[in-house]
There are 4 protein chains.
Amino acid sequence: MAVESELDVQLIAATQFTLPTGVDWAADETATDAEALVEFAGRACYETWEKPNPHTRANDAYLRHIIDVGHDALLEHATATLYIRGLSRSAGNELLRHRHFSFSQLSQRYVHSGAGEVVVPDAIAEDEDLRRLFLRAVDDARFVHDELLAALEENMAAESNALLRAKKARQAARAILPNATETRFVVTGNYRTWRAFIAARASEHADTEIRALAIRCLEILREQSPVLFSDFLVSELADGSKMATTPYLS
Amino acid sequence: MAVESELDVQLIAATQFTLPTGVDWAADETATDAEALVEFAGRACYETWEKPNPHTRANDAYLRHIIDVGHDALLEHATATLYIRGLSRSAGNELLRHRHFSFSQLSQRYVHSGAGEVVVPDAIAEDEDLRRLFLRAVDDARFVHDELLAALEENMAAESNALLRAKKARQAARAILPNATETRFVVTGNYRTWRAFIAARASEHADTEIRALAIRCLEILREQSPVLFSDFLVSELADGSKMATTPYLS
Amino acid sequence: MAVESELDVQLIAATQFTLPTGVDWAADETATDAEALVEFAGRACYETWEKPNPHTRANDAYLRHIIDVGHDALLEHATATLYIRGLSRSAGNELLRHRHFSFSQLSQRYVHSGAGEVVVPDAIAEDEDLRRLFLRAVDDARFVHDELLAALEENMAAESNALLRAKKARQAARAILPNATETRFVVTGNYRTWRAFIAARASEHADTEIRALAIRCLEILREQSPVLFSDFLVSELADGSKMATTPYLS
Amino acid sequence: MAVESELDVQLIAATQFTLPTGVDWAADETATDAEALVEFAGRACYETWEKPNPHTRANDAYLRHIIDVGHDALLEHATATLYIRGLSRSAGNELLRHRHFSFSQLSQRYVHSGAGEVVVPDAIAEDEDLRRLFLRAVDDARFVHDELLAALEENMAAESNALLRAKKARQAARAILPNATETRFVVTGNYRTWRAFIAARASEHADTEIRALAIRCLEILREQSPVLFSDFLVSELADGSKMATTPYLS
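Small disclaimer: the values here were computed from a predicted structure and weren't measured. (Residues numbered from 1 in each chain as written. Chains lettered and ligands numbered in written order. Predicted model: local features only at pLDDT ≥ 70, side-chain atom pairs only at ≥ 80, totals over all residues. Heavy atoms only, no water.)

### Thoughts on the interface of chain B and chain A
Here comes step 1: Facing 44 residues of chain B, the contacting portion of chain A comprises 44 residues.
Here comes step 2: Both sides of the chain B and chain A interface together cover about 3800 Å² of buried area, and 53% of this is carbon and sulfur.
Here comes step 3: Of the charged contacts in the structure, one is a salt bridge between B:D207 and A:R174, with a shortest N-O distance of 3.1 Å.
Here comes step 4: The interface formed by chain B and chain A contains 24 residue pairs in polar contact (both at pLDDT 80 or more).
Here comes step 5: Every element with two or more residues in the side of chain B that touches chain A is listed here: α3 (89-95), β4 (102-105), α4 (122-125), α5 (128-155) and α6 (162-173) of chain B.
Here comes step 6: Tallied by class, the residues present in the side of chain B that touches chain A amount to 23 nonpolar, 11 polar and 10 charged. (Contact = heavy atoms within 4.5 Å. Buried area = accessible area lost by both parts, 1.4 Å probe. Salt bridge = Lys/Arg side-chain N within 4 Å of Asp/Glu carboxyl O. Polar contact = N/O pair within 3.5 Å; in protein donor to acceptor, adjacent residues only side chain to side chain. Helix = DSSP H or I, 4+ residues; strand = E, 2+ residues; numbered from the N terminus. Nonpolar A, V, L, I, M, F, W, Y, C, P; charged D, E, K, R; others polar.)

### Describing the relation of the copies chain B and chain C
Here comes step 1: With an axial shift of 0.0 Å and an RMSD of 0.0 Å, the rotation relating chain B to chain C amounts to 180°. Accordingly, the operation relating the two chain copies is best matched by a two-fold axis. When C-alpha distances to the rotation axis are compared across chain B, the minimum falls at B:T15, with a value of 2.4 Å. (Least-squares fit on C-alpha atoms with pLDDT ≥ 70 in both.)

### Let's talk about the packing of aromatic side chains
Here comes step 1: Inspection of every chain in the model, using the stated rule, returns 52 aromatic pairs over all chains.
Here comes step 2: Both rings, one in B:W194 and one in B:F197, keep their centres 6.1 Å apart while their planes meet at 80°; by these two values the pair is edge-to-face. Here the residue B:W194 and the residue B:F197 both occupy positions in helix α7 (residues 191-201), the gap between them amounting to three residues, near one helical turn.
Here comes step 3: Relative accessible area serves as the criterion here: at 1%, B:F197 is assigned to the buried category.
Here comes step 4: By way of ring pairs, the aromatic residues A:F17, A:W25, A:F40, A:W49 and D:Y83 are connected into one cluster. (Phe/Tyr/Trp six-rings, centres within 6.5 Å; stacked < 30°, edge-to-face > 60°. Buried < 20%, exposed > 50% of the residue type's maximum accessible area, 1.4 Å probe, protein only.)

### A few points about the side chain of A:T188
Here comes step 1: Mapped onto the elements, A:T188 comes out in strand β6 (residues 182-190).
Here comes step 2: Within the local environment of A:T188, its side chain forms a polar contact with the side chain of A:T81, the two groups lying 2.8 Å apart.
Here comes step 3: Sequence-distant contacts of A:T188, that is, excluding residues within four places in its chain, are made with A:A80, A:T81, A:F101, A:S102, D:E76 and D:H77.

### Comments concerning the pattern of salt bridges
Here comes step 1: Counted under the stated rule, the structure contains 75 salt bridges over all chains.
Here comes step 2: A salt bridge links B:E94 to B:R201; its shortest N-O distance comes to 3.1 Å. Placement of the pair is B:E94 in helix α3 and B:R201 in helix α7, with a sequence separation of 107 residues. The exposure classification of B:E94 matches that of B:R201, with both residues buried.
Here comes step 3: Each of the salt bridges in this network shares a partner with another, and the network as a whole consists of A:E4, A:E128, A:D129, A:R131 and A:R132.

### Looking at the pairing of strand β2 (residues 8-17) of chain C
Here comes step 1: With respect to burial, β2(C) is a largely interior element, seven of its 10 residues being buried.
Here comes step 2: Both strand β2 (residues 8-17) of chain B and β2(C) contribute to a ladder of five bridges, which runs antiparallel. Residue pairing for β2(C): B:A14 is matched across the bridge by C:Q16.
Here comes step 3: Of the strand pairs in this sheet, β2(C) and strand β3 (residues 79-88) of chain C are connected by six bridges, and their pairing is antiparallel. Residue pairing for β3(C): C:D8 is matched across the bridge by C:R85. (Pairing = 2+ DSSP bridges.)

### A few points about the relation of the copies chain B and chain A
Here comes step 1: Once chain B is rotated about the relating axis by 180° and shifted along it by 0.0 Å, it coincides with chain A to within an RMSD of 0.0 Å.
Here comes step 2: Interface overlap between copies: 100% of the residues of chain B at the interface are likewise at the interface in chain A, consistent with a symmetric, same-surface contact.

### Describing the UniProt feature "active site" (unreviewed entry) in chain A
All names here are of chain A.
Here comes step 1: The UniProt record marks R201 with the feature "active site" (unreviewed entry), using the residue numbering of this structure.
Here comes step 2: Its relative accessible area of 15% is what places R201 among the buried residues.
Here comes step 3: Beyond its immediate sequence surroundings of up to four residues, R201 is in contact with E94, R97, H98, A206, I210, R211 and A214.
Here comes step 4: A polar atom in the side chain of R201 sits 3.1 Å from the side chain of E94. (UniProt positions renumbered as here; feature names shortened; annotations may be inferred.)

### Some points on the UniProt feature "binding site: dUMP" (unreviewed entry) in chain A
Here comes step 1: Per the UniProt record, "binding site: dUMP" (unreviewed entry) is found at A:E94, A:L95, A:L96, A:R97, A:Q105, A:L106, A:S107, A:Q108, A:R109, A:R174 and A:R201. Their sequence span is 108 residues, while the largest C-alpha to C-alpha distance among them is 27.9 Å; these annotated residues do not converge on one region.
Here comes step 2: On the accessibility criterion, A:E94 (9% relative accessible area) is buried.
Here comes step 3: If near-sequence neighbours (up to four positions away) are discounted, A:E94 is found in contact with A:R201, A:D207, A:I210, B:R109 and B:R174.
Here comes step 4: Inspection of the secondary structure puts A:S107 in the loop between β4 (102-105) and β5 (117-118).

### Some words on the interface of chain B and chain C
Here comes step 1: On the chain C side, the residues contacting the 41 residues of chain B number 41 residues.
Here comes step 2: When the area that chain B buries against chain C is broken down by residue, the three leading residues are B:I12, B:Q16 and B:H77, summing to 17%.
Here comes step 3: Linking chain B with chain C are two salt bridges.
Here comes step 4: Between B:R184 and C:E47 there is a salt bridge, and its shortest N-O distance comes to 3.0 Å.
Here comes step 5: Counting across the interface, chain B meets chain C through 21 residue pairs in polar contact (both at pLDDT 80 or more).
Here comes step 6: The set of elements that each furnish at least two residues to the side of chain B that touches chain C consists of β2, α1 (33-46), β3 (79-88), β4 and β6 (182-190) of chain B.
Here comes step 7: Tallying contributions element by element places β2(B) first for the side of chain B that touches chain C, with eight residues.

### Some remarks on the packing of helix α7 (residues 191-201) of chain D against helix α8 (residues 208-224) of chain D
Residue and element names in this part refer to chain D.
Here comes step 1: Taken N-terminus to C-terminus, the directions of α7 and α8 make an angle of 145°; their axes are 9 Å apart at the nearest point. In this structure, α7 meets α8 at a crossing whose hand is left-handed. Residue-level inspection shows Y191, W194, F197, I198 and R201 of α7 in contact with α8, the latter providing I210, R211, L213, A214, C217, L218, L221 and Q224.
Here comes step 2: For the contact of α7 with α8, a count of residues per class yields 10 nonpolar, one polar and two charged. (Axes fitted to C-alpha atoms, helices over the stretch in contact; angles between N-to-C directions. Left-handed = near helix turned anticlockwise from the far one by under 90°.)

Next comes the structure, spelled out in structure tokens:
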């Protein structure tokens, strides 16, 4: 029986900053590691270690100024890695378009998706009849998948390497699995890339599922750096789901 | 009834070379546009317009030397665009991992996949029983897809924008469509990227379907530049399918 | 005696488009190769071959719409290669920051910059006294460069490989050569990258020299595709030099 | 009087790893943050949390296997940021070619290079006569630079904005500054990029100065992850300088 999978996103790695010797500067105590690093990189371009401009003396004011004037290259120094589970293969396909990220994706060729986790689209999950229709269709597809798998392994009996045989059977049989099948990712990106991803996918026009992912990423990254994502405005749509926009990225 | 789709790859754009004024050099007449451009870029780095080295005087010798010493950056000046049809969504997912390409992919959110083209994996197509089982399962999935689509559009009657309603219904309903569903791509890449793609995916260890795509790309690009792909050795596997390798890329 | 070098930019390669078989569509006759390819890629995403929308039926209207809604990924399919001479090393350093380009640069380690071409900044060239002061200083630096080169080759007499000895001497001696020393590039980029480069460097705030380069690139690329660069507005600054901006890229 | 600048490289940021909840796995205690993260990403692709393969059960064995089979994409999850001072502008130009890095470079247009730091090439520094000749030529160039700067600011008196005037004068006057002028960088890269940089620039054929930089980066990164750089073999050349190679990257 198909198992319904929920989106689960966790931060598993982030940038830690250490001040070098020989530079007479320190970040504000309120600044997170990412925020201190970005300010450091900005000041290194102009050697303004003594914070000569009173308007940008504070870390948050400096970072807001960077975003305001579009020095986005500075945001590339801070990175964050998220572990994403409970995403459908079709949303995963959209995520992969963001090529500045580094991805490690759960392999459908190697891992037997036996437990049968699927991501049910909200519009279907909300309607009990459609939900049942959908899950039954998933079960049917998985039943055929398992039949194909067994028959293919038998057909390939001539292949003596059991591991290779299983892999070849799996990569053919998976052709019947639905878009809704769960996939998982380790995704690493710098803050410029995360901001671009969120701006593109938290928009009202994005697919519901990837929009929910973008909103979740924004929430997590804001804990890492409240200031560097402070320009995003989160609001609620008529259907109760969330969207986010920033005036700086369209 | 599901329609079986065949891989179809065509070259739709390629680099055309024009010699600038003020440079006392000309490519060999045998050189294609891509080959002349790559030699030009190489000679521009060292201003060896007069072809001082007799061993690399000929265009093909010059290019083989470039590949041999690993000056792969020169191969980035020549580009080619292929139009790919008859690829499954799962193979498309693998293709998208090659992020140095530029992609335009057929949208599953906007285009109603009514005709129902699917790519049947070779291992399934070869066994008439499995083929029938597979196609029937595809038809079942498509039947549920159409039911979901109709019901979702009805559920969303409150959404007055018909276009938006159709799109929202489509992006939920597509969740039941199988991996085998056909997708299409316009793919642009420079020769360095095409070579890396072919080396990675024409290998014995690659999935059958993307391996067939890589071999097809190699055949087409060799017409554009016999020399710049001359190091790839194509051979036949036990199952009659093809693979290709080059000693220069692993 | 130092030779003053002038900026020289020429198109040496560009995308040529061929319509694939099996697609019932043709571009307007007015469309250039780049323009036809970008429209083709856009229509391939939605399979709108029959041009259903009367407002975007014409090639130029379609492309303006793409730029207007920000489907910039489509602009990655068309590429152009420029051969740039008469650029200073310092402007070259700025050009290299645009990492989406592919570069082949004249090697200062391999090529003896004997003729002594330099790029004199406009602000210096305009004042005859400063121009003379500058060129004399360049000559002095080149004189020391030649002295260093000779002495270093002598010091390295133990190195029996004459080519290697010359290279090692050259890479040390060049340390005294000024920023103004001429460099040359073969640069390949897709239209999205060229547009981003021009938007960043044709701006009023850019360095004079790279701004002049950006304006020259814009003029040349407009011949390749009047429509895909039609949003750039060129104007004249108080000093008579040109700048360009587009509302679509900041 | 010109000040001789020494290469100074410091680690200022690196990846910190946190295990997510819901995964029954832990890295070996010996593993550094980068090493634990890379193993995690690898196991996430195959869900081999229970370490089924005894040969790759230990973190270091797992990572060596990754490098051995070429799963380099996993190395993109760990990043490190170095602050580099005491590099010449010409070596900086070479560094900029490694476009997968993110760079923040000291601005020659904004920062008055008054103190006059220069990087003296080893081959010149070793010969007292050449060293003196070189430093005197640097002083001459800087003298002309200061003359040009003063005269240009005077010529631009019509420009009422003092900051803009200074910038315009500076960007013209810097044309006479030598390649040897010191530059500084904040450089962020993932381990795949750092490995490619070191493999390319620690080679015997690289320029002396950037080779020394590559060796220094290798030493620092090995402290972050002994295993992920363990395949590099460091050796000494006839002139006493160091080089490094790995069988995995050419």
